[in-house]
Amino acid sequence: MNEALSTVQPTRFVLSWLSRRLSIELRPGLNRIGRNPTNDFRVPEASVSSFHCEISLEQRTVSVRDLGSTNGTFVSGVRIRESLLTTGQILKLGSAELRLEETNAEVVEIQPRTDLSDDTANRNDSTARIPP
């Protein structure tokens, strides 16, 4: 008896830059984002605060909390202190704009404290890339 087995990849939540071919996969729990290299994900843009925001992924719920950033955290154009983030919404941190995407596709695992600068993204295999 031949039976086809199918395996379904767990749903992954990914933040994809609108202006670059670069994405990061959110990990369960807290994901800290900012300019400081001690964050889980470093965004080295002057408009992003050192400790800009925290994104929480609990099961299938994504929420974002601003950490008192200078230029603010915006969800779909609205400045927030804390908000849910749903698939397709745009998260803006300073001038960096990212879209929350949900995927079952396999992506390269990102190591904590990944530097998301252009130079590092081109050299560092720990940066996830989502095909267009």
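Residues numbered from 1 in each chain as written. Predicted model: local features only at pLDDT ≥ 70, side-chain atom pairs only at ≥ 80, totals over all residues. Heavy atoms only, no water.

(A) Region of the structure containing the confidence of the model for the protein. Confidence in the prediction for the protein averages 81 pLDDT; 71% of positions are at 70 or higher. Predicted confidence is poor over residues 1-6, with pLDDT under 50, and the contacts of this stretch with residues over four places away or in other chains come to 0 contacts. In the model, residues 119-132 has pLDDT below 50 throughout and makes 26 contacts with residues more than four positions away in sequence or in other chains. (pLDDT = per-residue confidence, 0-100. Contact = heavy atoms within 4.5 Å.)

(B) Expanded view of the pairing of strand S6 (residues 61-66). Across 6 bridges, strand S5 (residues 53-58) lies against S6 in antiparallel orientation. The partner of Cys53 across the bridge, within S6, is Asp66. Connecting the antiparallel pair S5 and S6 is a turn made up of 2 residues, with Gln59 showing a positive phi of about 55°. Bridge count for S6 against strand S9 (residues 82-84) is 3 bridges, and the pairing is antiparallel. Each bridged residue has a counterpart across the sheet, and for Val64 the counterpart in S9 is Ser83. (Pairing = 2+ DSSP bridges. Helix = DSSP H or I, 4+ residues; strand = E, 2+ residues; numbered from the N terminus.)

(C) How the structure looks around the pattern of salt bridges. Applying the stated criterion across every chain yields a total of 5 salt bridges. The residue Arg12 makes a salt bridge to Glu25 at a minimum N-O spacing of 3.3 Å. Taken together, the positions of Arg12 in strand S1 (residues 12-17) and Glu25 in strand S2 (residues 23-25) put the pair 13 residues apart, joining distant regions of the chain. For Glu25, a relative accessible area of 16% puts it in the buried group. (Salt bridge = Lys/Arg side-chain N within 4 Å of Asp/Glu carboxyl O. Buried < 20%, exposed > 50% of the residue type's maximum accessible area, 1.4 Å probe, protein only.)

(D) Main features of the side chain of His52. With respect to the helices and strands, the residue His52 is situated in the loop between strand S4 (41-42) and S5. His52 sits in the buried class, given a relative accessible area of 0%. From its side chain, His52 meets the backbone nitrogen of Ser49 in a polar contact 3.0 Å long. Reaching out from His52, the side chain makes a polar contact with the side chain of Ser69 at a distance of 3.4 Å. (Polar contact = N/O pair within 3.5 Å; in protein donor to acceptor, adjacent residues only side chain to side chain.)

(E) Structural detail: the environment of Leu84. Looking at where Leu84 falls in the secondary structure, it is placed in strand S9. Taking the C-alpha atoms as reference points, Leu84 and Thr61, 23 residues apart in sequence, are found 7.6 Å from one another. Discounting residues that sit within four places of it in the chain, Leu84 has contacts with Thr61, Val62, Ser63, Val75 and Gln89.

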